Every structure is written in C-alpha cells, then in structure tokens.
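What follows is each chain in one-letter form.
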Amino acid sequence: MIYCCEEHVDLALDIVVDECEIAPTLEKIKKEENLSTPCEYCQNRSIYLVGN
Ligand SMILES: [Zn+2]
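The notes below deal with the structure included here. (Residues numbered from 1 in each chain as written. Predicted model: local features only at pLDDT ≥ 70, side-chain atom pairs only at ≥ 80, totals over all residues. Heavy atoms only, no water.)

## With respect to the coordination of the zinc ion
Every protein donor of the zinc ion is listed here as Cys5 (SG), His8 (ND1), Cys39 (SG) and Cys42 (SG), and their distances to the metal cover 1.9 to 2.3 Å. Here the zinc ion is ringed by four donor atoms whose angles at the metal span 103 to 116 degrees, and the overall shape comes out tetrahedral. For the zinc ion, all donor residues lie on one chain, and their spacing in sequence is C-x2-H-x30-C-x2-C. Here the two residues cysteine 39 and cysteine 42 agree in accessibility, since each one is buried. (Donors = N, O, S within 2.8 Å, 3.2 Å for Na, K, Ca; no water. Tetrahedral: all angles 85-135°; square planar, octahedral: opposite > 155°, others 65-115°. Buried < 20%, exposed > 50% of the residue type's maximum accessible area, 1.4 Å probe, protein only.)

## Topic: the sheet that holds strand S2 (residues 25-28)
Strand order in the open sheet made by the three strands is S1-S3-S2, with antiparallel pairing throughout. If you trace the sheet from one side to the other, it starts and ends with strand S1 (2-4) and S2, each paired once. When strand polarity is set aside, the average angle formed by the axes of neighbouring strands in this sheet is 25 degrees. For S2 and strand S3 (residues 48-51), the ladder comprises four bridges, and the chain directions are antiparallel. Its bridge partner lying in S3, threonine 25 is registered against glycine 51. (Pairing = 2+ DSSP bridges. Helix = DSSP H or I, 4+ residues; strand = E, 2+ residues; numbered from the N terminus. Axes fitted to C-alpha atoms, helices over the stretch in contact; angles between N-to-C directions.)

This is the structure:
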C-alpha cells in the first residue's frame, strides 16, 4: 500500500497498476486519522492510501 498526497495520487495509481496489473483501490485518509505519515514521493502529508 502506498500513502500519497493529492499531487502524487496519479503516480501512485500508475505504479500499483504496473506492479499488480489489477485496478487499485483508492481510499481517502481522514485528517484526524493521519497525524504524521508523509507522502511516499514527497514530504507532504499524505491524503490518499492506494492499495489493492
Ligand atoms: Zn507527494
């Protein structure tokens, strides 16, 4: 699973599709549930959780 910010959500989706060859799931993280997990690709706070 990949944590990512708004800016990198497309990138994360592409990577999951490439690696898993199935449609990924996209879950929006509630602000209060995400205190410190940064985006996988930058230092912004993550907003989405991409999984499969
Ligand atoms: Zn990012």
